[in-house]
Structures are given as C-alpha cells and as structure tokens.
Amino acid sequence: MTTAHKRRRVIAGNWKMYKNLGETRDFFDAFLPLVRDVRDRDVVVIPPFTAISAAVERAAGSAVAIGAQDVYWGKNGALTGEICAGMLADAGCRYVLVGHSERRQFFHETDDTVARKALAVLSEGLTPIVCVGETLENRDAGLEKEVLRRQFSGGPGSLTADEFSRILMAYEPIWAIGTGRTATPEIAAAAHEFIRACAAEQYTAGHALALRVLYGGSVKPDNIQGLMAQDELDGALVGGASLDAKSFASIVNYT
Ligand code: PGA
C-alpha cells in the first residue's frame, strides 16, 4: 500500500519493569533536549506505573506523551493490585499498551481481556496500543497468519468501527522481542499488510488504510532506518533500546 505518508508515525518506548523515580527524571533531562525539534511524528514513553507521575511532570510542555503498560478493564472496585483506565487518565497518560506478549505469555492475558482492556482505555479518551504477534513455533509451522487473524478478531476486531478507528496496533513477533533477532523489514511489512487486510475485512478499506501499526522487536538505532523505509510500518514500539536517552533519541530522530 502506498498511502502511508498520510499516516503519522509513532515511536513509543516501552520501559517494561525498569527505572525508578530518579532514573526516570534523569532520562527526561537527557532525552528532551535531543528530541526538541521533532514535529512530524508522535513520541511516547511508557514507564512502569510508579514512574508515570514523574514522567508526566518532566515531559510537561514537550511533545512527548506518556503511556502505561497495562490496565484493568473495570472502573473503581475491590480489585487489589489493579489500576483502571480512569486512574491512568488522571495521572496524565495518553496511551496504554494492551496485550503485550509478555502479558499474554506470563500473565494469562487472552484475546477477550485484550478486547475489554482496549474498550476501557477508549472509554477514558486514551489511546490503546493493541499488541499482536506470533511465536517462533507459530511461524516455523507456517501459522503466523492464523494466529494474527485470531488475535485480531478476538481482540481489536470486536470493537465497533468507530472505536476501532481510535486505536493503534503493534505487530511484535515474539521471536524478535529482546532476542536481538529483528524481523527483516520485509517480514514485518508482510505481517502489517496482513493485519491491515484483517481490518479491511472486519471494517472497511478506509479503516484499514487509516490504521497505524507499529513494529516492535529488537528495534535499535542501527535498524530503525531500514524498518521505517517500509510504508507499511507506521512507527516502532521499542523495548530495550528505549531505556537509554541517547539511543532512544536516535531512534526517534531517524530520517
Ligand atoms: P525489545 O522489546 O525492543 O527489547 O525487543 C520490544 C517490546 O517488547 O515492546
């Protein structure tokens, strides 16, 4: 597809379970001056819950938005340990990751909870970044499309057309996360195209064209260029390389 220029790109950094308050403040002090001139793409930093307020405070007045890594789908309630979307909005988040593969793998997240979480995030006016991706076993067995289709239709594909038009998606092949083994730009582009085809099938061609799909999995300063050369890739979801201000800035500033 050749209409990617109409889709604004997003570079998001997922810190996972790293950084305390001091490290968060230090990161922003180093990072913000390096990305001051970025205008044509969205930049998001996604710290752990405890560092969200510090990140929001530090990023205030800059173009960098803050996100959360997970959410519970209900409103307030007797649910020890959970955090709802209203709390995240109140803390200053604008994005929430939903269905990251580590949540699916280690915390039993299902397509159904992904759908509920995405809806809860939207209902607070925030943007869910809904993650999908196959395992190495899936891919070796030639099942990647089947898995992506299932994750799509059970998760974001259960939203209404209007709700769907307000989400972002991320394609993160599990075999590429934290392994140093990036999908080639061509493999990633083919998966993105397939996700877009699922969106066209479920909704309309217009929804598919407008959908922004980020690529995630070992994105680094030295491979961002090649990945972003693909029109199908509408940005990146960066894990390890987003922890260092200089490295994340050089990914954000790709040309
Ligand atoms: P990685 O993580 O960049 O460290 O591979 C990506 C992610 O899990 O979002």
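Our subject is the structure that appears above.
In what follows, the accompanying structure is described. All values reported here derive from a predicted model rather than from experimental measurement. (Residues numbered from 1 in each chain as written. Predicted model: local features only at pLDDT ≥ 70, side-chain atom pairs only at ≥ 80, totals over all residues. Heavy atoms only, no water.)

### Regarding the packing of aromatic side chains
Thinking step 1. Using the criterion set out here, one finds nine aromatic pairs in the structure.
Thinking step 2. With centroids separated by 6.1 Å and ring planes inclined at 50 degrees, the aromatic side chains of Trp 15 and Phe 28 adopt a geometry described as tilted. Taken as a pair, Trp 15 in the loop between β1 (9-14) and α1 (21-34) and Phe 28 in helix α1 lie far apart in primary sequence, 13 residues in all. There is no split in this pair, since Trp 15 and Phe 28 are both buried.
Thinking step 3. Each residue in the set Trp 15, Phe 27, Phe 28, Phe 31 and Phe 248 is aromatic and connected to the rest through ring pairs, giving one cluster.
Thinking step 4. Over the ring of Tyr 254 we find Arg 41, and its NZ or CZ is 4.2 Å from the ring centre.
Thinking step 5. The positively charged end of Arg 103 is found above the aromatic ring belonging to Phe 107, 4.1 Å away from the centroid. (Phe/Tyr/Trp six-rings, centres within 6.5 Å; stacked < 30°, edge-to-face > 60°. Helix = DSSP H or I, 4+ residues; strand = E, 2+ residues; numbered from the N terminus. Buried < 20%, exposed > 50% of the residue type's maximum accessible area, 1.4 Å probe, protein only. Lys NZ or Arg CZ within 6 Å of the ring centre and 35° of its normal.)

### Structural notes on the packing of α1 against helix α12 (residues 245-252)
Thinking step 1. Between α1 and α12, whose axes approach to 9 Å, the crossing angle comes to 30 degrees. Judged by the angle between their axes, α1 and α12 are roughly parallel. Relative to α12, the crossing made by α1 is right-handed. Taking contact as the criterion, the partners of Phe 27, Ala 30, Phe 31 and Leu 34 in α1 are, on α12, Ala 245, Lys 246, Phe 248, Ala 249 and Val 252.
Thinking step 2. Split by residue class, the contact of α1 with α12 holds eight nonpolar, no polar and one charged. (Axes fitted to C-alpha atoms, helices over the stretch in contact; angles between N-to-C directions. Parallel < 35°, antiparallel > 145°, perpendicular 65-115°, else oblique. Left-handed = near helix turned anticlockwise from the far one by under 90°. Contact = heavy atoms within 4.5 Å. Nonpolar A, V, L, I, M, F, W, Y, C, P; charged D, E, K, R; others polar.)

### Remarks on the site of the ligand
Thinking step 1. Contacts to the ligand come from 14 residues, most closely from Lys 16, His 100, Glu 172, Gly 178 and Ser 218.
Thinking step 2. One nitrogen or oxygen atom from the main chain of Ser 218 is found 2.8 Å from an oxygen atom belonging to the ligand.
Thinking step 3. Separating an oxygen atom of the ligand from a backbone N or O atom of Gly 240 is a distance of 2.9 Å.
Thinking step 4. The fraction of the free accessible surface of the ligand (280 Å²) that becomes covered by protein chains is 97%.
Thinking step 5. When grouped by side-chain class, the residues that make up the shell around the ligand number five nonpolar, seven polar and two charged. (Near = heavy atom within 4 Å. Polar contact = N/O pair within 3.5 Å; in protein donor to acceptor, adjacent residues only side chain to side chain. Areas by Shrake-Rupley, 256 points an atom, 1.4 Å probe, with all protein chains shown as cover.)

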